[in-house]
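Residue-level structure breakdown
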Amino acid sequence: MNLAMRSSRPKWPAGLPGFWGMFTVGTATAIIGPSLPLVMMMYNLSWAEVGVIFSAQFAGKLIAILLLSLWNWRQSSRSVTLAGSLLLGGGLLVTGYSPGWFGTLIGVGILGIGHGAVDAGFNEQFVRTYNQGRNGAVAAGKWLNALHLLFGVGALIGPLLVYELSHGHPWKGPFYVTGVFALLIPVLYLITHRFGPTDATSSDRSVPLQAVDIAPPRMFIWMTVLAALVCFMFGGLETALGGWIYTFLTEGADLSGERATFSVSVFWGLLAVGRLVSVWGVGYFGNSKWLRILSILALAALLAGWFAFDRDSATVMALAGLGLSGIFPTMIAWITGYRPHKSARLISVLITGSTLGAVIVPWAVGEMASYQGLEWSYGLLTAMAAVLLGLVVWLNWSANKLQAQQKI
């Protein structure tokens, strides 16, 4: 096959394992919460005891990302993803098979390690495959938002899977089914292996302004720190809002449980829809401007929650999902565009930031709600959204300053 034919090969089939993998990760993440009441009944646990299951999941993910950050795994991203899919599937099956609570925690920890490896591996593969040509970072932003859209779809389907398979039955069924989903990822690799990244000409693979280090090392380190802080805020806000909206609305706004449950679903639904919109938004506005738009929308939605009537607060809180939707995948595309050859380590840093946010912020919200009240905990999230916007603006300013220096 000649070089021209290979470079013209359509790229979308190469993304099929990634789309299925992120759908599986979203499903695996979403089936844990709805299974908690059944787990509590089976093992006679308290809410505090059963909550450790989330710590086991995110601890496993954090271990995977920290290990990857110590290794330049860019050329081995497919192996990382394959190993992660086996760990993800194995962890789900162990969780379902385990006859005891300790074994369940071990299974969830393995699941978390697989989650981290799959997440990092597919993000790196999409950056490497689609960040080509003059507008490579924008193209990568569009494809990464499409990739993370599938996580949202999986998160929507996960609770339905629990309802269908656990209604009146043991809670283990959804873990078995999702474990099989994960083990299908290597099968998709075998089917689509010939559609992997093409060996295009050097001009196709190079990105004129991105193939070399276009930012001074000190400035780029600072930009990476800002990007990691943005991801921390995003991970914290996404996880805390998804977990606490129900309580904010039922205890703080005196809405019915049915209305609050619907709002939680709307939040996750808008998170998925927002990523679909971001495929267009990144292409039209570019990565940096689209990040500002999304950050403004997230802050505006949370601020509106303070002033909305009780009957409207459910709507405006859920709208925060639309604002948060494309922040993480767009940030990956933007920051890796400055150092494509170091994308693996950069992705590890950004996922570490978002994972730490997911671990720390929901806990902080609970602590503040216990000692200061729900209004203060909601205020914490609103303040974080303001800081998120400030960090994005600061990062934009640094990028514009860099661009101005290059023109001199």
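Right, let's walk through the structure included here.

Of regular secondary structure, the chain possesses 17 helices and 0 strands. By the burial criterion, 54% of the 408 residues in the chain qualify as buried. Summed over its atoms, the accessible surface of the chain is roughly 17800 Å², and 68% of this surface lies on carbon and sulfur atoms.

Listing the buried residues of helix α3 (residues 32-43) in full gives Ile32, Ser35, Leu36, Val39, Met40 and Tyr43. Viewed along the axis of α3, the buried residues span an arc of 155°, placing them on a single side of the element. Backbone geometry just after α3 places Asn44 at a positive phi near 55°.

A few words now on the layout of surface pockets. Approximately 1800 Å³ is the volume found for the largest pocket. Lining the largest pocket are 46 residues, and of these Phe54, Thr239, Gly242, Gly243 and Trp268 sit closest to its centre. With 9 residues, helix α11 (residues 217-252) is the single largest residue contributor to the lining of the largest pocket. Per-class residue counts for the lining of the largest pocket are 25 nonpolar, 17 polar and 4 charged.

Let us look at the environment of Ala320. For Ala320, the location among the structural elements is in helix α14 (residues 310-324). Sequence separation between Ala320 and Gly305 is 15 residues, and the spatial gap between their C-alpha atoms is 9.7 Å. Discounting chain neighbours no more than four positions away, the residues touching Ala320 are Leu241, Phe267, Ala298, Ala301 and Leu302.

What follows deals with the pattern of salt bridges. Scanning all chains against the criterion turns up 3 salt bridges. Arg128 is the salt-bridge partner of Glu124, the closest N and O atoms lying 3.3 Å from each other. Here Arg128 and Glu124 lie together in helix α7 (residues 101-130), a separation of 4 residues that amounts to about one turn. Assessed through its relative accessible area of 23%, Arg128 is described here as partly exposed. Across the pair Glu238 and Arg275 runs a salt bridge whose closest N-O atoms are separated by 3.7 Å. One end of the pair, Glu238, is in helix α11; the other, Arg275, is in helix α12 (residues 257-285), with 37 residues separating them in the sequence. When its relative accessible area of 12% is taken as the criterion, Glu238 is described as buried. Among the residues examined, Arg275 registers a relative accessible area of 2% and is labelled buried.

Let's shift gears to the packing of helix α15 (residues 327-336) against helix α16 (residues 343-371). Put simply, α15 and α16 touch, their axes get as near as 10 Å, and they point 145° apart. Crossing hand, α15 versus α16: right-handed. Facing α15, whose interface residues are Phe328, Met331, Ile332, Ile335 and Thr336, α16 presents Ser343, Leu346, Ile347, Leu350, Ile351 and Ser354. In terms of residue class, the contact of α15 with α16 is made up of 8 nonpolar, 3 polar and no charged.

To continue, consider the packing of aromatic side chains. By convention here, two paired aromatic rings are described through the distance between centres and the angle between planes. Across all of its chains, the model carries 19 aromatic pairs by this definition. Here the aromatic rings of Phe23 and Phe181 are separated by 6.1 Å at their centres, their planes lie at 40°, and the arrangement is tilted. One end of the pair, Phe23, is in helix α2 (residues 16-30); the other, Phe181, is in helix α9 (residues 173-192), and 158 residues separate them in sequence. Residues Trp222 and Trp394 carry aromatic rings whose centres are separated by 5.4 Å and whose planes lie at 65° to one another, so their mutual orientation is edge-to-face. You can see Trp222 sitting in helix α11 and its partner Trp394 sitting in helix α17 (residues 374-407), a full 172 residues away along the chain. You can call Trp222 partly exposed: its relative accessible area is 40%. The class for Trp394 is partly exposed, based on a relative accessible area of 39%.

Bringing unusual backbone geometry into the picture now. Generally, phi is negative for residues other than glycine and the peptide bonds are trans, each holding for most cases. We note that Asn44 has phi near 55°; this positive angle belongs to a residue other than glycine. Assessed through its relative accessible area of 69%, Asn44 is described here as exposed.

Attention shifts here to the nonpolar core. Core analysis: the biggest nonpolar cluster contains 100 residues, and Leu324, Met331 and Leu381 have the highest contact counts within it. Examining the composition of this core, we find that 15 residues originate from one element, α11, more than from any other. Leave out the neighbours within four places in its chain, and Met331 touches Ala227, Val230, Cys231, Leu291, Leu350 and Leu395.

Time to look at a nonpolar patch on the surface. Residues Ile221, Trp222, Val225, Leu229, Trp394 and Trp397 make up a contiguous nonpolar surface patch of about 610 Å² in total accessible area. When residues of the nonpolar patch are traced back to their parent elements, those giving at least two are α11 and α17. Considering each element in turn, the nonpolar patch owes the most residues, 4 residues, to α11. For Leu229, the position within the fold is in helix α11.

Attention now goes to the environment of Val94. Structurally, the position occupied by Val94 is in helix α6 (residues 77-97). For Val94, a relative accessible area of 34% translates into the label partly exposed. Distance in space between the C-alpha atoms of Val94 and Ile110 is 8.6 Å, their sequence separation being 16 residues. Setting aside chain neighbours within four positions, we find Val94 in contact with Gly103 and Gly107.

Moving on, we get to α2. A rise of 1.5 Å per residue sets the reference length of α2, with its 15 residues, at 21 Å; its end C-alpha atoms lie 21 Å apart and thus fit the reference within 8%. In terms of burial, α2 is largely enclosed, as 12 of its 15 residues are buried. Within the span of α2, buried status applies to Pro17, Gly18, Phe19, Gly21, Met22, Phe23, Thr24, Val25, Gly26, Thr27, Ala28 and Ala30.

The rules behind these values
- Residues numbered from 1 in each chain as written.
- Predicted model: local features only at pLDDT ≥ 70, side-chain atom pairs only at ≥ 80, totals over all residues.
- Heavy atoms only, no water.
- Helix = DSSP H or I, 4+ residues; strand = E, 2+ residues; numbered from the N terminus.
- Buried < 20%, exposed > 50% of the residue type's maximum accessible area, 1.4 Å probe, protein only.
- Areas by Shrake-Rupley, 256 points an atom, 1.4 Å probe, with all protein chains shown as cover.
- Arc of directions from axis to C-beta.
- 1 Å grid on protein atoms, 1.4 Å probe; cavity = no way out; pocket = protein on both sides within 12 Å on 5 of 7 lines; lining within 4 Å.
- Points joined across faces, edges and corners; volume = space filled by probe spheres on them.
- Nonpolar A, V, L, I, M, F, W, Y, C, P; charged D, E, K, R; others polar.
- Contact = heavy atoms within 4.5 Å.
- Salt bridge = Lys/Arg side-chain N within 4 Å of Asp/Glu carboxyl O.
- Axes fitted to C-alpha atoms, helices over the stretch in contact; angles between N-to-C directions.
- Left-handed = near helix turned anticlockwise from the far one by under 90°.
- Phe/Tyr/Trp six-rings, centres within 6.5 Å; stacked < 30°, edge-to-face > 60°.
- Core = buried A, V, L, I, M, F, W, Y, C linked by side-chain atoms within 4.5 Å.
- Patch = residues over 30% accessible without salt bridge, like charges linked within 9 Å, V, L, I, M, F, W, Y side chains within 5 Å.
- Expected span 1.5 Å × (residues − 1).

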